[in-house]
Amino acid sequence: MKIYIITYKESTTINECVARYKELGYNPIIFMGKSIKKDNIPFNHVVFINYLDLFNSLNYDDDICISEDDVYLKEKIIIKDKDQINWLGYWNKTKSYIMGSMLLYYPKEYLQHVKRQLNGKQPQHLDSFLHKYLDYILRPTPICLEIKHHSVILEEYTKGKESIRTHKYIK
C-alpha cells in the first residue's frame, strides 16, 4: 500500500504530518497540489482538483491511502475490508453525512473507477463527491486527528490537536 499526502507549498502542517507517518513505520509520498490563493481556486474545489491531479498521475499498481497534510495518525492504519474504499479519517459525522476527507483507503481495483468518476464531474466539495458517486465503508471512529493550524479555507485557526513539535500558534 502506498500512502500519498496531498499538500501545497505554503503548508504549515506537512512536516508534523510526515513525521508522524514515519514514526509509525510508513514512508509517505508527498504530492504537491494546487493552492487556493496561489492558483486562484475556489476553497470548495481545491481538494477535489488535487485528488483529480493525483489520480491522473497514478500507475494504478498498488492500493493507496490519500491523506490531507494536516493529519495526525492516532494509530497504525489497519484496513478491515481491503475490497472496499475505507473512509478512515473525518472531522464529524451525522446520521446522513460525513464531514472531512482526511484519510481514505482505495483498493487498486477501484482506482480507475475513481479516476473516471473524478474526470467526469465538475469540481466540487470532495465530501459531496464521495457521498454521491462512490460506495465506501466508514470507520466507526476516525483513526486520526487534525493538527491545529491556520486554515486557508476557514481563514481561522482549526480546533484540531495542538502541535507537539515546532509550530507555534496564535491564540
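To keep things clear, this report deals only with the structure shown in the data block. (Residues numbered from 1 in each chain as written. Predicted model: local features only at pLDDT ≥ 70, side-chain atom pairs only at ≥ 80, totals over all residues. Heavy atoms only, no water.)

Let's talk about the environment of Leu52
Line of reasoning, step 1. Within the fold, Leu52 resides in helix α2 (residues 46–57).
Line of reasoning, step 2. With 63 residues separating them along the chain, Leu52 and Lys115 place their C-alpha atoms 7.0 Å apart.
Line of reasoning, step 3. Sequence-distant contacts of Leu52, that is, excluding residues within four places in its chain, are made with Leu118 and Asn119. (Helix = DSSP H or I, 4+ residues; strand = E, 2+ residues; numbered from the N terminus. Contact = heavy atoms within 4.5 Å.)

What about the sheet that holds strand β9 (residues 136–138)?
Line of reasoning, step 1. Strand order in the open sheet formed by six strands is β2-β1-β3-β8-β5-β9, and the pairing between neighbours is mixed. Edge strands, defined here as strands with exactly one partner in the open sheet, are β2 (29–32) and β9. The average angle at which neighbouring strand axes cross in this sheet is 25 degrees, direction not considered.
Line of reasoning, step 2. Across three bridges, the pairing between strand β5 (residues 85–89) and β9 is parallel. Its bridge partner lying in β9, Ile85 is registered against Tyr136. (Pairing = 2+ DSSP bridges. Axes fitted to C-alpha atoms, helices over the stretch in contact; angles between N-to-C directions.)

A closer look at the nonpolar core
Line of reasoning, step 1. Within the largest apolar cluster, 25 residues are counted, with the highest numbers of intra-cluster contacts made by Tyr51, Phe55, Ile64, Ile66, Tyr106, Leu118 and Leu130.
Line of reasoning, step 2. Among the elements that line this core, the one with the most residues is α2, at five residues.
Line of reasoning, step 3. Apart from residues lying up to four places away in sequence, Leu130 is in contact with Trp87, Ser101, Leu104, Tyr106 and Tyr136.
Line of reasoning, step 4. Formed by 21 residues, the second largest nonpolar core is a distinct cluster that contains Val71, Tyr72, Leu73 and Ile147. (Core = buried A, V, L, I, M, F, W, Y, C linked by side-chain atoms within 4.5 Å. Buried < 20%, exposed > 50% of the residue type's maximum accessible area, 1.4 Å probe, protein only.)

Examining the pairing of strand β8 (residues 103–106)
Line of reasoning, step 1. Along β8, one buried face is formed by Leu103 and Tyr105 and the opposite face, lined by Leu104 and Tyr106, is buried too.
Line of reasoning, step 2. As judged from the three bridges shared by β5 and β8, these two strands associate in the antiparallel manner. Its bridge partner lying in β8, Gly89 is registered against Leu103.

Concerning the packing of α2 against helix α3 (residues 108–119)
Line of reasoning, step 1. α3 packs onto α2 with a crossing angle of 135 degrees between their chain directions and a minimal axis gap of 10 Å. Relative to α3, α2 is oriented oblique. Classified by chirality, the crossing of α3 by α2 is left-handed. Contacts between α2 and α3 pair Phe48, Tyr51, Leu52, Phe55 and Asn56 from the former with Leu111, Val114, Lys115, Leu118 and Asn119 from the latter. (Parallel < 35°, antiparallel > 145°, perpendicular 65-115°, else oblique. Left-handed = near helix turned anticlockwise from the far one by under 90°.)

Some points on the pattern of salt bridges
Two side chains bearing opposite charge may form a pair once their charged atoms approach each other closely.
Line of reasoning, step 1. Per the stated rule, a full pass over the model turns up three salt bridges.
Line of reasoning, step 2. For the salt bridge of Asp61 with Lys2, the shortest nitrogen-to-oxygen distance reads 3.1 Å. Here the residue Asp61 occupies a position in the loop between α2 and β3 (64–68), and Lys2 occupies one in strand β1 (residues 2–7), the gap between them amounting to 59 residues.
Line of reasoning, step 3. The class of Asp61 is partly exposed, set by a relative accessible area of 44%.
Line of reasoning, step 4. The exposure class assigned to Lys2 is partly exposed, which follows from its relative accessible area of 24%. (Salt bridge = Lys/Arg side-chain N within 4 Å of Asp/Glu carboxyl O.)

Remarks on the packing of aromatic side chains
Line of reasoning, step 1. Under the criterion given, the structure shown has seven aromatic pairs.
Line of reasoning, step 2. Here Tyr21 and Tyr26 contribute two aromatic rings whose centre-to-centre distance is 6.2 Å and whose plane-to-plane angle is 65 degrees, an arrangement assigned as edge-to-face.
Line of reasoning, step 3. Look at Tyr51 and Phe55: their rings are 6.1 Å apart centre to centre, the planes differ by 25 degrees, and that puts the pair in the stacked class. Within this pair, Tyr51 and its partner Phe55 are both found in helix α2, separated by four residues, close to a single helical turn. (Phe/Tyr/Trp six-rings, centres within 6.5 Å; stacked < 30°, edge-to-face > 60°.)

Taken by themselves, the reported measurements are silent on function.
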